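Chain by chain, the residues:
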Amino acid sequence: MSFPPLKEKSFTVKIMSEKIYKLLQQGKRIDERSPYEFRKITMQTNVVEKANGSALVSVGSTRILTGIKVELGAPYSDRPNEGVFSVNAELLPLASKSFEPGPPDERGIELARVVDRCIREGKAIDLEKLCIVPGKLVYVLYIDIYVLDYDGNYFDPSVMSAMAALATCTMPKYSATGERIEGESIKVPIKDVPLSATLGIIKDKLLVDPCLVEENSLDTSIVVCLDSASNVVAIQKNSPGHIPFSLMESIIDIAEEQISRIRAQFKEVVGVG
Amino acid sequence: MTQVMKPKLIDENGIRLDGRGPTDLRPLKMEVSVLEKSDGSAYVELGKTKVYAAVYGPKEAHPKHLAIPDRAILNCRYHMTSFSTDERKTLGMTRREIELSKVIREALESVVFLEEFPRSAIDVFVEVVQADGGTRTAGLTAASLALADAGIPMRELIAAVAVGKVDGTIILDPSDIEDKYGEADMPIGIAPESNTIVLLQLNGKMTKDEFKRGLELARMGIQKIYQAQREALRRKYGVSTTEV
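Residues numbered from 1 in each chain as written. Chains lettered and ligands numbered in written order. Predicted model: local features only at pLDDT ≥ 70, side-chain atom pairs only at ≥ 80, totals over all residues.

Draft legend 1. Layout of the packing of helix α1 (residues 95-109) of chain B against helix α2 (residues 135-149) of chain B. All names here are of chain B. Two elements in contact, α1 and α2, have axes separated by 10 Å at closest approach and are oriented at 40°. Looking at the two axes, α1 sits oblique to α2. The element α1 and its partner α2 pack so that their crossing is right-handed. Residues Leu100, Ile104, Ala107 and Leu108 of α1 form the contact with α2, whose own contacting residues are Arg136, Gly139, Leu140, Ala143, Ser144 and Leu147. A class-by-class count of the residues in the contact of α1 with α2 yields seven nonpolar, two polar and one charged. (Axes fitted to C-alpha atoms, helices over the stretch in contact; angles between N-to-C directions. Helix = DSSP H or I, 4+ residues; strand = E, 2+ residues; numbered from the N terminus. Parallel < 35°, antiparallel > 145°, perpendicular 65-115°, else oblique. Left-handed = near helix turned anticlockwise from the far one by under 90°. Contact = placed C-beta atoms within 7 Å. Nonpolar A, V, L, I, M, F, W, Y, C, P; charged D, E, K, R; others polar.)

As structure tokens, then:
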């Protein structure tokens, strides 16, 4: 059953929320960013040698580690010519006092499913090239996301790190008959790089990439994922509250602008985008 | 094992597989107070999609450490029966059901006056009896009716509907087959009086323009659902539609 996470006492939230709103009216943020500005983003790939692909991405002090393990398996019966991938996410207890040990809770499941939607609907992977023997043998990619340090907004760095890990992921090569070709490996075929931007809403004001203090004081927030042609491929309103219809257009426009900046950096570090 | 061929979803006259036009809703049926033991309940039928919702509470929060001193907690469970889908759904909560429980709960939290009931809990259960597309939106529509039926104070009702994109056309209220073979599915929960969005998800590919048109179509489609919700409440609570 879904129940609300324990939050700070609501009067402290109210005071902070008013402060953030007043700053936004002057075009400012509590951490001296402008409203539509991400925190500093760093991306590092191949950080775990035993994984087929891995990436460590930080946005401010929020840090996400994604690793990919490749196995062989059977395709889905209705898609015999396509490889398989699955996304899992864990909010590690070392990342925040609000995360607890145990199997992924609804927040972890939501994160994994949103990243899955970005990759799947953004057509990030050429799944047909992951097929070895049609109907019998395909590559199976396990994309596992770990939140290492949580200072708000785990969605955007998770999408970035999953994509960076995928773009640098190598797999053993197999012949069309399913024989392992020793000593040779191939890269995961990337078709597109979908990326996301999270926007926070307070009354009629918007901000991007909320830090934890902001996240706790927002009216609501929304994750927007766009592909390289700026098609909307996934959206998730991920907290309670109202979004006025009149803000929707600016939300998509601001997301587009921010994502194009992240994309430029992604291309520089990872080489695709 | 062969790849399933995508059927043609819209013919050259713009007519969908079930005979609807792009902006038509499926036949709609709503009723409140359908389950006796709950404090409030509702049944919503949208074509072949059939959903029950029930509300228990406000009651003492359990376990007690979950209680919040200045408001009620709202718990929500969205669940599908094992026989609601083409292939039998495994028992227990799937990852999809856990995610949908969360987004439905968050939508409801936006309109319920939780601060009226400190330290207590309100439980909302959504049970999908048959799934033919649009189950989370039908579930949210039913849940908001069930809350109203339970007499729980709300800022307003929530009406929800999905829009989709099939064969390049933006459509209202996609059925299961349109969702499966279509290009995009976008469930939207709307608070009609304040004209705001309380639930929004998108799965699929839409251009910015299509997304904008999808939002508009949802805003239009919601009116019929909102009307039916108010009628269902009036039928039960004895005010005829013409009087109001």
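Draft legend 2. Here's a closer look at the sheet that holds strand β2 (residues 40-46) of chain B. All names here are of chain B. Read across the sheet, five strands follow the order β1-β2-β3-β5-β4 without closing on themselves; strand pairing throughout is mixed. In this open sheet, the two strands that pair with only one neighbour each are β1 (28-32) and β4 (73-80). On average, each strand axis in the sheet is tilted by 15° relative to the strand beside it, whichever way the strands run. Sheet strands touched by α1: β4 and β5 (120-130). Its angle to β4, the strand with the most contacts, is close to 140°. (Pairing = 2+ DSSP bridges.)

Draft legend 3. Representation of α2(B) in the model. Residue and element names in this part refer to chain B. The first and last C-alpha atoms of α2 sit 20 Å apart over 15 residues, in line with the 21 Å expected at 1.5 Å per residue. Counting buried residues along α2, 15 of its 15 residues qualify, which places the element largely inside the surrounding structure. Among the residues trailing α2, Gly151 stands out with phi positive, at a value near 75°. (Expected span 1.5 Å × (residues − 1). Buried ≥ 20, exposed ≤ 12 C-beta atoms within 10 Å, placed from the backbone.)

Draft legend 4. Spotlight on the interface of chain B and chain A. Each side of the interface is counted separately: chain B has 39 residues, and chain A has 36 residues. Here the element with the most residues in the side of chain B that touches chain A is strand β9 (residues 196-206) of chain B; it accounts for eleven residues. Of the residues contributing to the side of chain B that touches chain A, the split by class is 16 nonpolar, eleven polar and twelve charged. For strand β12 (residues 232-237) of chain A and β9(B), the ladder comprises four bridges, and the chain directions are antiparallel.

Draft legend 5. Looking closely at the nonpolar core. Grouped together as the largest cluster of nonpolar side chains are 151 residues, with contacts concentrated most on A:Val115, A:Val224, B:Ala53, B:Val124, B:Ala142, B:Ala146 and B:Ile188. Top element by residues in this core is helix α3 (residues 155-167) of chain A. It accounts for nine residues. Setting aside anything within four residues of it in sequence, one finds B:Val124 in contact with B:Ala53, B:Val55, B:Leu74, B:Asn75, B:Cys76, B:Leu108, B:Ala143, B:Ala146 and B:Leu147. (Core = buried A, V, L, I, M, F, W, Y, C linked by C-beta atoms within 7 Å.)

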